[in-house]
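Listed here are the chains, written in short residue letters.
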Amino acid sequence: MPFTSLGLAPELLQAVAEEGYEQPTPIQQEAIPLALAGRDLIGSAQTGTGKTAAFMLPILQRLSRNGTKHVLRALVLVPTRELAEQVLQSARAYGRHLEVSAAAVYGGVGMEPQTRALKHGVDIVVATPGRLLDHMERGHVDFSRLEVLVLDEADRMLDMGFAPDVRRILRALPDKRQTMLFSATISLEVDALARSALDGHASVEIGRRAKPAEGIEHVVVAVDKLQKRGVLARILQAKPAGQTLVFTRTKYGADKLVTFLRREGIQAHAIHGDKAQSHRTRTLDAFRSGEADVLVATDIAARGIDVDGIRMVVNFDVPHDAEIYVHRVGRTARAGARGLALTLLSPDEWLLMGDIEKLVGQIFPREVIPGFEPSVAPLQPKPLQVEQPKPGRSVRARSGGRRRR
Ligand code: AMP
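Caption draft 1: How the structure looks around the packing of helix 2 (residues 26–36) against helix 3 (residues 51–65). At a minimum axis separation of 9 Å, helix 2 and helix 3 run at an interaxial angle of 25°. Taken together, the axes of helix 2 and helix 3 lie roughly parallel to each other. Classified by chirality, the crossing of helix 3 by helix 2 is right-handed. Residue-level inspection shows Ile27, Gln28, Ala31, Ile32, Ala35 and Leu36 of helix 2 in contact with helix 3, the latter providing Lys51, Ala53, Ala54, Leu57, Pro58 and Gln61. Tallied by class, the residues present in the contact of helix 2 with helix 3 amount to 9 nonpolar, 2 polar and 1 charged.

Below is the structure:
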């Protein structure tokens, strides 16, 4: 299906072509016609699926059709500063042939330029909830003309504790509006939020359960916990082509790993919530430009990081939630490219890996690196058809593991 069949204005089609997009992604094919028709949407979509364009192109079209008035007419709520910047850049890129203005509002930077933008009047505001509330309390925001609300990465906003803030913002918005909610997973909490934010009768659910892209090769290396960093250094010293994004569970773990890798001669950089905004921006820019090729991140910091050309994603720690695995590895193999997802698996993480394999619907053989053999030999997972393994047996770890949250 070509972009031209979605009902988009020529200015948007031109911008999309200039971005080099040849075909709409599945979520764009589903969402764009519905969003253009003004429907409320719940989109089950992770980053890397093209969801930003799926909501932004219809917003731009709507705003440009009704004549730009430089009053706030579309609000996109996002969980992190990085995502706010990215969504803003997308709005600018897709809207470059239209006279629609956009601004981002997030914490960690001065209020003043944001206040000026809000008071001067912008058509689209992309905001994190906390900072937006600050501006609302100071009377900087006028929602009376708001037409569209997007809740982007709703699951992550809830995970980060933004539920009360989001609800307060919702109460300040006009009831008559179009609302689109995007979330990688539609948990009960997300569903409850959707019910309070969307028009239940007119809403359409689109997108499917998170599955990793086809182009990703998954490699699981069995190794003892204390040997993980040595294995990673060995792999990175071999200078893999392209950029590597490494995930750790904690900020402390990210910093410790970076210190170790640097001692081994690998120029790694950490990005997480304890770093100053200016530092995070600089690090991301260096990674984006290819100047830095190893980035160590926590899940929250990496949320939505949109860098093309990430060749390898490393799960230094196996995530506690199987769906996070899908998000993490979704950073590689973007838009049809090939990528590698490397998981360093220590014996205490076998159960978690079993959950992931169940969700993904594939089992990954356990590899061992000579010189770094784990003290407990890894069990090769059984095929997934084993639905009801006997409790207490180690095979549970592979195929029937209880979901742990
Ligand atoms: P998102 O899921 O919105 O974070 O987008 C992921 C990446 O896909 C971004 O780098 C977009 O520029 C890119 N992208 C979005 N739509 C398309 C498309 N139709 N064709 C190719 N790339 C796309």
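Structure's up, so let's keep going.
Caption draft 2: Region of the structure containing the site of the ligand. For the ligand, the set of nearby residues contains 16 residues, the closest of which are Tyr21, Gln23, Gly48, Gly50 and Thr52. Between a nitrogen atom of the ligand and a main-chain N or O atom of glutamine 23, the distance comes to 2.7 Å. Taking glycine 50, its main chain carries an N or O atom lying 2.7 Å from an oxygen atom of the ligand. Notes on the ligand: free accessible area 500 Å², of which the protein chains cover 86%. Each of two domains, domain 1 (3–208 + 393–397) and domain 2 (216–367), supplies a minimum of three residues to the shell around the ligand.

Caption draft 3: Inspection of helix 9 (residues 188–197) at higher detail. Along helix 9, the residues classified as buried are Val190, Leu193, Ala194 and Ala197. Mapping the buried residues of helix 9 onto a view down its axis gives an arc of 100°, with all of them on the same face. Across helix 9 from its buried face, at more than 90 degrees, point the exposed residues Leu188 and Arg195. Next to the buried residues of helix 9 lie strand 1 (41–44), strand 5 (148–151), helix 7 (154–159), helix 8 (163–171) and strand 6 (178–183).

Caption draft 4: A look at the pairing of strand 5. Going residue by residue along strand 5, you find Val148 and Val150 tucked away on one face and Leu149 and Leu151 tucked away on the opposite face as well. One ladder, built from 4 bridges, connects strand 2 (residues 74–77) with strand 5; its direction is parallel. Counted as the bridge partner of leucine 77 is leucine 151 from strand 5. Strand direction decides the pairing type here: strand 5 and strand 6, joined by 4 bridges, are parallel. Residue pairing in the sheet places valine 150 in a bridge with methionine 180 of strand 6.

Caption draft 5: Representation of the pattern of salt bridges within the structure. For the coordinates displayed, the defined rule picks out 17 salt bridges. The partner of glutamate 19 in a salt bridge is arginine 96, and the shortest N-O contact between them spans 2.6 Å. Residue glutamate 19 is found in the loop between helix 1 (10–18) and helix 2, and its partner arginine 96 is found in the loop between helix 4 (81–94) and strand 3 (102–105); the two are separated by 77 residues along the sequence. Here arginine 96 falls in the partly exposed class, since its relative accessible area comes to 38%. Because the salt bridges share partners, they merge into one network encompassing Arg62, Arg73, Asp123 and Glu147.

Caption draft 6: Broad picture of the nonpolar core. Judged by nonpolar contacts, the single largest core of 43 residues is most densely connected at Phe55, Met56, Leu57, Ile59, Val76, Ile124 and Met180. The dominant element in this core, judged by the number of residues it contributes, is helix 3, at 8 residues. Setting aside residues no more than four positions away along its own chain, methionine 56 makes contact with Val76, Val87, Ala91, Tyr94 and Ile124. Among the nonpolar cores identified, the runner-up in size contains 32 residues, and Leu77, Leu158, Leu170 and Ala197 belong to it.

Caption draft 7: Spatial organisation of the sheet that holds strand 8 (residues 216–222). Across the sheet, 7 strands lie side by side as 10-11-9-12-13-8-14; this open sheet has parallel pairing. The two strands at the open ends of the sheet, each matched to only one other strand, are strand 10 (268–271) and strand 14 (366–367). With 4 bridges joining them, strand 9 (residues 243–247) and strand 11 (residues 294–297) adopt parallel strand pairing. For phenylalanine 247, the partnering residue across the bridge sits in strand 11 and is alanine 297.

Caption draft 8: Region of interest: the packing of helix 6 (residues 129–137) against helix 8. Where helix 6 contacts helix 8, the axes come no closer than 9 Å and their chain directions differ by 45°. The orientation of helix 6 with respect to helix 8, classified from their angle, is oblique. By crossing handedness, the relation of helix 6 to helix 8 is classed as left-handed. In this structure, helix 6 uses Pro129, Gly130, Leu132, Leu133, Met136 and Glu137 to contact helix 8, whose residues at the interface are Asp165, Val166, Arg168 and Ile169. For the contact of helix 6 with helix 8, the per-class residue count stands at 6 nonpolar, 1 polar and 3 charged.

Caption draft 9: Representation of the packing of aromatic side chains within the structure. Throughout the structure, instances matching the rule amount to 3 aromatic pairs. Measuring from centroid to centroid gives 6.1 Å for tyrosine 21 and tyrosine 94, while their planes differ by 65°, and the two rings are edge-to-face. Taken together, the residues span a long stretch of sequence, with tyrosine 21 in the loop between helix 1 and helix 2 and tyrosine 94 in helix 4 at a distance of 73 residues. Relative accessible area serves as the criterion here: at 4%, tyrosine 94 is assigned to the buried category.

Caption draft 10: Fine view of the environment of isoleucine 169. Position of isoleucine 169 among the secondary structure elements: in helix 8. Overall, the relative accessible area of 0% leaves isoleucine 169 in the buried class. Separated by 33 residues in the primary sequence, isoleucine 169 and methionine 136 place their C-alpha atoms 8.6 Å from one another. Isoleucine 169 has contacts with Leu75, Leu77, Pro129, Leu132, Leu133 and Met136, leaving out every residue within four places of it along the chain.

Quick notes on the rules
Residues numbered from 1 in each chain as written. Predicted model: local features only at pLDDT ≥ 70, side-chain atom pairs only at ≥ 80, totals over all residues. Heavy atoms only, no water. Axes fitted to C-alpha atoms, helices over the stretch in contact; angles between N-to-C directions. Helix = DSSP H or I, 4+ residues; strand = E, 2+ residues; numbered from the N terminus. Parallel < 35°, antiparallel > 145°, perpendicular 65-115°, else oblique. Left-handed = near helix turned anticlockwise from the far one by under 90°. Contact = heavy atoms within 4.5 Å. Nonpolar A, V, L, I, M, F, W, Y, C, P; charged D, E, K, R; others polar. Near = heavy atom within 4 Å. Polar contact = N/O pair within 3.5 Å; in protein donor to acceptor, adjacent residues only side chain to side chain. Areas by Shrake-Rupley, 256 points an atom, 1.4 Å probe, with all protein chains shown as cover. Domains from an automatic or database assignment. Buried < 20%, exposed > 50% of the residue type's maximum accessible area, 1.4 Å probe, protein only. Arc of directions from axis to C-beta. Pairing = 2+ DSSP bridges. Salt bridge = Lys/Arg side-chain N within 4 Å of Asp/Glu carboxyl O. Core = buried A, V, L, I, M, F, W, Y, C linked by side-chain atoms within 4.5 Å. Phe/Tyr/Trp six-rings, centres within 6.5 Å; stacked < 30°, edge-to-face > 60°.

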